[in-house]
Number of protein chains: 2
Amino acid sequence: MQLIDGKLIAAQIKQEIAEEVTQIKTDGGKTPHLAAVLVGHDGGSETYVAAKVQACEDVGFKSTLIRYEDNITEQELLACVEKLNNDTDIDGFIVQLPLPEHISEDKIIEAIDYRKDVDGFHPVNVGRMSLGLPCFLSATPSGILELLKRYEIETKGKHCVILGRSNIVGKPAALLMLQKRYPGDCTVTVCHSRTKNIKEICLQADIIIAALGVPEFLRGDMVKEGAIVIDVGTTRVPSNKTKSGFKLTGDVAFDEVAPKCSYITPVPGGVGPMTIVSLLKNTLLAGKKTIF
Amino acid sequence: MQLIDGKLIAAQIKQEIAEEVTQIKTDGGKTPHLAAVLVGHDGGSETYVAAKVQACEDVGFKSTLIRYEDNITEQELLACVEKLNNDTDIDGFIVQLPLPEHISEDKIIEAIDYRKDVDGFHPVNVGRMSLGLPCFLSATPSGILELLKRYEIETKGKHCVILGRSNIVGKPAALLMLQKRYPGDCTVTVCHSRTKNIKEICLQADIIIAALGVPEFLRGDMVKEGAIVIDVGTTRVPSNKTKSGFKLTGDVAFDEVAPKCSYITPVPGGVGPMTIVSLLKNTLLAGKKTIF
């Protein structure tokens, strides 16, 4: 069993990006610039956005944090998006989700210029991804693909079973693992809460991507010998063993599943650290105007 | 075994649309107007476009056919698209594919205003479909869903196996059968040329959507008792039994498979007639400005 070390790979890629940014600056090019919009004071969102801004600084990007109280109106937020769309110094920007209930997330996302949509959530990017065209890939599926690539894991003709059908992980991961290129070319099965014989299906899988958000859902008796298991779950489970009072728990019962795997990602330190790196990659591409 | 009669359902829906158009006209509303752009003289394309124009007339739409020789430049075709985008009398339009090799189909499709993209090929419509948002659905997947609905076939929790991963059938059908609504809520497996144990997977299917383009690929011993089989294949196979010298052949070996099925679509007369009806439905929606 080999552990897929997302933390290590993320550090390597950050290093690669930092070197490229140094080169761009040396050549007199424009420093990539990411803006992040944060509405309200949700603890999770604060942490994520702070980590994104820090990562930008680490690799030499310019970053701008724009904060609003959670009583901002939809129209005011749309005006902010419009301003960022038109700001030629901003290469890409994100609006941290979730937004307060009185604001339509779909409306905000669709208002973002897809050429600056480094989260890859705009329908144009989702559609282009589905069609196999160049686009900004959303962070989690992109991070999964990068891990498979860096560990040179063969995917062609493998049966990839995806647990979960969310718009941000399950569906895009399915489309990507299906595409006629590496990593991809898999037979893909998507399971979810309505799936009847999930154990039987998982036992057929060469690759399992678990993204249900159900702690330790995938047990040892659901995985065949030699499988590759990618754990996307990150649920905060109460724990008296940590200072914070909770433990980040994946969708995989690691101790049971790991001994049967050829490769497995841990939680934390697997897919998680890759997501911010995917955002940095997109911002670099946006800065270089590589895609659009 | 019950035959799914696409020809009959298509005629019913055309009748429903015709009644709605009559009502719109009676109420002094705008007659829906579809334009079709045909480049060159490909036999298949000529036939398809003629059928689409005829269907528009049958239901009381206005239709406009715009023809170009196949030496039209990409820029000239883009200018035509731009003109149609800005023509307020045109509610929706299609550019018949395939286009000559010197013209980028992706570029033409992306130039179409997605609010008039009644083929549902624009990335915005593909992305919105993937995200479960209102959009113009492309014709074949939309036709399949309509057939399942009209025959009141239960789909929730069923295992739907899709043969083929094309952008116009396999991928969208997978996303739609996966969605959290009816018809949908299926466990979905997508198989293709790289799939190793396709027979074994098909034998697990409650619903099979065959869209490989390989005549009579699905044999009797690949289908379990009671399965629902939707045949999307339409390959012209040479035949000395028909006047035209060929026979339209599906991806399903009908005589072997049909006796095992609870429901099955024939070829011709199954999914085929539904595709033009889907285009009419989209044009009606475009005329009513229901989606965008």
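Keep in mind that this is a model prediction, so the values were computed, not measured.

**Section: the overall build of chain A**
A tally of helices and strands in chain A yields 10 helices and 11 strands. Each of the three principal axes of chain A carries a C-alpha extent, and together these read 55 × 40 × 35 Å. Taking as baseline every contact in chain A between residues at least 6 positions apart, the subset at least 24 positions apart corresponds to 67%.

**Some words on the interface of chain B and chain A**
Contact residues are listed per partner, giving 26 residues for chain B and 26 residues for chain A. Counting residues per element, the ones that place at least two in the side of chain B that touches chain A are α5 (123-131), α7 (170-178) and β6 (187-191) of chain B. Residue composition of the side of chain B that touches chain A, grouped by class: 10 nonpolar, 8 polar and 8 charged. Sheet topology places strand β6 (residues 187-191) of chain A next to β6(B); 3 bridges connect them, and they run antiparallel.

**A word on the sheet that holds strand β3 (residues 62-68) of chain B**
Residues and elements named next belong to chain B. Strand order in this open sheet of 3 strands is β3-β2-β4, and the pairing throughout is parallel. Edge positions in the sheet fall to β3 and β4 (92-95), since each of these pairs with one other strand and no more. Put simply, the sheet's adjacent strands are angled 15° from each other on average, direction ignored. As paired elements, strand β2 (residues 33-39) and β4 share 4 bridges and run parallel to each other. In the strand pairing of β4, Ala 36 is matched with Ile 94. The sheet contacts of helix α2 (residues 43-59) involve β2 and β3, and relative to β2 the element is tilted by about 165°.

**Some remarks on the pairing of strand β5 (residues 159-163) of chain B**
All names here are of chain B. For β5, the buried fraction is high: 5 of the 5 residues fall into the buried class. Taken together, the 5 bridges between β5 and β6 define a ladder with parallel strand orientation. Paired with Cys 160 across the bridge in β6 is Val 188. In this fold, the crossover linking β5 to β6 by way of α7 has right-handed handedness.

**Focus: the relation of the copies chain B and chain A**
The operation relating chain B to chain A is a screw motion whose rotation component is 180°, with 0.0 Å of axial translation and a residual RMSD of 0.0 Å. Seen this way, the second copy is the image of the first under a two-fold rotation axis. The overlap is high: 100% of the interface residues of chain B also sit at the interface in chain A, so the same surface is used on both sides.

**Some thoughts on the packing of helix α6 (residues 139-150) of chain B against helix α10 (residues 272-288) of chain B**
The geometry of a pair of packed helices is captured by two quantities: the angle between their axes and the separation between those axes. Residues and elements named next belong to chain B. For the pair α6 and α10, the least separation of the axes is 8 Å and the interaxial angle reads 105°. In this view, α6 runs roughly perpendicular relative to α10, as classed from their interaxial angle. Residue-level inspection shows Ala 139, Thr 140, Ser 142, Gly 143, Glu 146 and Leu 147 of α6 in contact with α10, the latter providing Met 274, Thr 275, Val 277, Ser 278 and Leu 279.

**A few points about the environment of B:Leu131**
Its location among the elements puts B:Leu131 in helix α5. The contact partners of B:Leu131, leaving out residues within four places of it in the chain, are A:Pro123, A:Val126 and A:Asn167.

**Comments concerning helix α6 (residues 139-150) of chain A**
Residue and element names in this part refer to chain A. The terminal C-alpha atoms of α6 lie 16 Å apart, and with 12 residues this matches the ideal 16 Å at 1.5 Å per residue to within 8%. The element α6 is largely enclosed, with a buried count of 10 among its 12 residues. Of all the positions in α6, only Ala 139, Thr 140, Pro 141, Ser 142, Gly 143, Ile 144, Leu 145, Glu 146, Leu 147 and Leu 148 are classed as buried. Those residues of α6 that are buried lie in contact with α1 (6-26), α7 (170-178), β7 (207-210), β8 (227-231) and α10 (272-288). One or two steps after α6, the chain reaches Glu 152, where phi turns positive at roughly 50°.

The rules behind each value
- Residues numbered from 1 in each chain as written.
- Chains lettered and ligands numbered in written order.
- Predicted model: local features only at pLDDT ≥ 70, side-chain atom pairs only at ≥ 80, totals over all residues.
- Helix = DSSP H or I, 4+ residues; strand = E, 2+ residues; numbered from the N terminus.
- Contact = placed C-beta atoms within 7 Å.
- Nonpolar A, V, L, I, M, F, W, Y, C, P; charged D, E, K, R; others polar.
- Pairing = 2+ DSSP bridges.
- Axes fitted to C-alpha atoms, helices over the stretch in contact; angles between N-to-C directions.
- Buried ≥ 20, exposed ≤ 12 C-beta atoms within 10 Å, placed from the backbone.
- Right-handed = clockwise from strand over helix to strand, strands pointing away.
- Least-squares fit on C-alpha atoms with pLDDT ≥ 70 in both.
- Parallel < 35°, antiparallel > 145°, perpendicular 65-115°, else oblique.
- Expected span 1.5 Å × (residues − 1).

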